[in-house]
Amino acid sequence: MSKIMYIQDGVGIFKKPNSKKWHTYIKVKNNQAIRKTLETDSIDVAKERAKEMYLKYATRQKQGISIKSLPFVEAVANTADERLQQANDGQISHGRVQGFEYCSKRWLVPFFEDYELADITSLDIGKWIEWRKAQSFCTNATLKDNLIHLKAVYNWAVGQQQMKASEIPDFPKLTVVANPRTWLNKADQKKLMFSLESYVQRATQKNHRQLRTDLQEYVICLLATGCRPGEFFVGAKDLTEITVNGKKTYQVKVEVGTKGHNRNNIIMLPFAYPVLKNRLAKYGDQVYNDLWFRHKSFLRIWDNFTAWAGLKYNFEGKKHCLYSLRHTYATNMLTMGNISMHQLAKQMGTSVAMLEKHYSHVVPNLVAEKLVEYDDTNVVMLPHSTSLHKHFEFE
């Protein structure tokens, strides 16, 4: 370390060996010295940043707030403990606790683990958003959900007097547009199943065949449960074999839903039973702990497959993502008409309002089919006029 260059009482700057960046040395009364990088090689900029940092620490001391900010990882752990206690006291649901733990472990800590909480800026949050989008496909709605969990960490810090509310960085305002969800029609569903089998058979290497078989089985499980892709990837743990109307299937428990839902009663459609049964028999304990142990994500192999199969986009040019399988499931169930909106909402871990919002392309058609189900009824109800009857003929 080079000799400290003091620019005022308690504030100095210096450079570490083999480093072009300036660092600051700050000593606030009755506190240990703080050393931090100033992220600049300009001495003038370094001096200004060091003074601003000293002023911030001195102000925090006067306000009775801890000068040294907690490491982000420690703040997350403390927030998780507090939320778990709130859940045990009945203040919040355990699903919200699980949602926070999943998001922080998967998306927040990997990016912010080297930060101190009070040092995160709005610019850093913007960088995190770009990083998050690069990791996996996500909508603005998903990003907003992730940011809610990040805000929970700041709320804990404010409540514990680790920082002031005014120190919380500004969060970006994300616009959530309710676009119609893409789904696969009957023809594309047939093409999907045929193409998956062909995709597996065309693999020339053993490891490629295994990865493609995993994708095939994963897709079938999503089509048979309506789970969110992330739910069935990391959260599907307990699989109970059951018999319904003489047909064997599985009841699936999702321990960590990607939307914070903890669900015990997901019933898999029987057509997927032999697929999952064979997988469990083939891999044993290995898949009981991790169903898809060979994969960190199915996103890349799904993109490669849909491009190869000609299923990457629907007829409107909108991309088919893994989430499209969930919407395909919902569309199929509504079209069959054997399940109520309430029952389907419970099965899928959503609300009736969300089903009505996102599947409006199905519901009106179902109502119309019920209204015009019987030709004779329509003839009787119309005025007794031959011209009118011809005008309202139904094929």
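Since we're looking at a predicted model, the values are computed, not measured.

Caption draft 1: How the structure looks around the overall build of the protein. When helices and strands are tallied, the protein shows 17 helices and seven strands. A fraction of 54% describes how many contacts in the protein between residues 6 or more apart in sequence connect residues 24 or more apart. Summed over all atoms, the accessible surface of the protein reaches about 22,600 Å², with 51% contributed by carbon and sulfur.

Caption draft 2: Broad picture of the packing of aromatic side chains. Taken as a whole and judged by the stated rule, the model has 18 aromatic pairs. For the pair W302 and F305, a centre-to-centre distance of 6.1 Å together with 50° between the ring planes defines the contact as tilted. With W302 and F305 both in helix 11 (residues 299–309) and three residues apart, this pair spans about one turn of that helix. Of the two residues, W302 and F305, neither departs from the other in class, the shared state being buried. Pairwise contacts between aromatic rings join F72, W107, F111, F112, Y115 and W131 into one cluster. If you follow R132 out to its NZ or CZ, it ends over the ring of W107, 3.6 Å from the centre. The ring of Y199 has R212 lying over it, and the distance from NZ or CZ to the ring centre is 3.9 Å.

Caption draft 3: Spotlight on helix 2 (residues 72–88). With 17 residues, helix 2 ought to run about 24 Å at 1.5 Å a step, and its terminal C-alpha atoms sit 24 Å apart, in line with that. By the burial criterion, the buried members of helix 2 are F72, A75, V76, T79, A80, R83 and A87. One side of helix 2 carries all its buried residues, which in axial view fall inside an arc of 140°. Once helix 2 ends, the next one or two residues include G90, with phi positive near 80°.

Caption draft 4: A look at the pattern of salt bridges. A complete count under the given rule lists seven salt bridges for this structure. Of the charged contacts in the structure, one is a salt bridge between R228 and E231, with a shortest N-O distance of 2.7 Å. Overall, E231 belongs to the buried group, its relative accessible area being 0%. Ionic contacts of the salt-bridge type, sharing partners, join the residues D214, E217, R279 and R294 into one network.

Caption draft 5: Structural detail: helix 13 (residues 341–348). Taken together, the buried positions of helix 13 are M341, L344, A345, Q347 and M348. Down the axis of helix 13, the buried set is contained in an arc of 160°. They therefore lie on one face. Facing away from the buried surface of helix 13 by more than 90 degrees, the exposed residues are H342 and K346. Once helix 13 finishes, G349 follows within two positions and takes phi at roughly 70°, a positive value.

Caption draft 6: How the structure looks around the nonpolar core. L192, L215, F232 and L325 are the most contacted members of the largest nonpolar core, which totals 38 residues. No other element matches helix 7 (residues 206–225), which puts eight residues into this core. Setting aside residues up to four positions removed in sequence, L325 forms contacts with L184, L192, V219, L222, L223 and W302. Listed in part, the 29 residues of the second largest apolar core include L70, F72, V76 and L108.

Caption draft 7: A look at the packing of helix 4 (residues 122–135) against helix 5 (residues 140–159). Remark: helix 4 packs on helix 5, axes separated minimally by 12 Å, with the N-to-C direction vectors making an angle of 130°. Taken together, the axes of helix 4 and helix 5 lie oblique to each other. By crossing handedness, the relation of helix 4 to helix 5 is classed as right-handed. Each of I125, W128, I129, R132 and K133 in helix 4 lies in contact with helix 5, whose residues at this interface are T142, L143, N146, L147 and L150. When its residues are assigned to classes, the contact of helix 4 with helix 5 shows six nonpolar, two polar and two charged.

Caption draft 8: Molecular detail of the environment of A58. Note on placement: A58 falls in helix 1 (residues 43–62). Accessibility expressed as a relative area gives 15% for A58, which makes it buried. Sequence spacing of A58 and K27 is 31 residues, and the spatial spacing of their C-alpha atoms is 9.5 Å.

Caption draft 9: Summary view of the environment of N30. Considering the arrangement of structural elements, one finds N30 in the loop between strand 3 (22–26) and strand 4 (34–37). Distance from N30 to Q61, taken between C-alpha atoms, is 9.6 Å for residues 31 residues apart in sequence.

Caption draft 10: Structural view of the sheet that holds strand 4. Spatially, 1-2-3-4 is the arrangement adopted by the four strands of the open sheet, whose pairing is antiparallel. In the strand order of this sheet, the two ends are held by strand 1 (5–8) and strand 4, each with one partner. In this sheet, neighbouring strand axes are inclined to one another by 25° on average, regardless of whether the strands run parallel or antiparallel. In this structure, strand 3 lies alongside strand 4, joined through four bridges in antiparallel fashion. Bridging from a neighbouring strand, I26 pairs with I34 of strand 4. Seen against the sheet, helix 1 touches strand 1, strand 2 (11–15), strand 3 and strand 4 and runs at an angle of roughly 30° to strand 3.

Thresholds applied
Residues numbered from 1 in each chain as written. Predicted model: local features only at pLDDT ≥ 70, side-chain atom pairs only at ≥ 80, totals over all residues. Heavy atoms only, no water. Helix = DSSP H or I, 4+ residues; strand = E, 2+ residues; numbered from the N terminus. Contact = heavy atoms within 4.5 Å. Areas by Shrake-Rupley, 256 points an atom, 1.4 Å probe, with all protein chains shown as cover. Phe/Tyr/Trp six-rings, centres within 6.5 Å; stacked < 30°, edge-to-face > 60°. Buried < 20%, exposed > 50% of the residue type's maximum accessible area, 1.4 Å probe, protein only. Lys NZ or Arg CZ within 6 Å of the ring centre and 35° of its normal. Expected span 1.5 Å × (residues − 1). Arc of directions from axis to C-beta. Salt bridge = Lys/Arg side-chain N within 4 Å of Asp/Glu carboxyl O. Core = buried A, V, L, I, M, F, W, Y, C linked by side-chain atoms within 4.5 Å. Axes fitted to C-alpha atoms, helices over the stretch in contact; angles between N-to-C directions. Parallel < 35°, antiparallel > 145°, perpendicular 65-115°, else oblique. Left-handed = near helix turned anticlockwise from the far one by under 90°. Nonpolar A, V, L, I, M, F, W, Y, C, P; charged D, E, K, R; others polar. Pairing = 2+ DSSP bridges.

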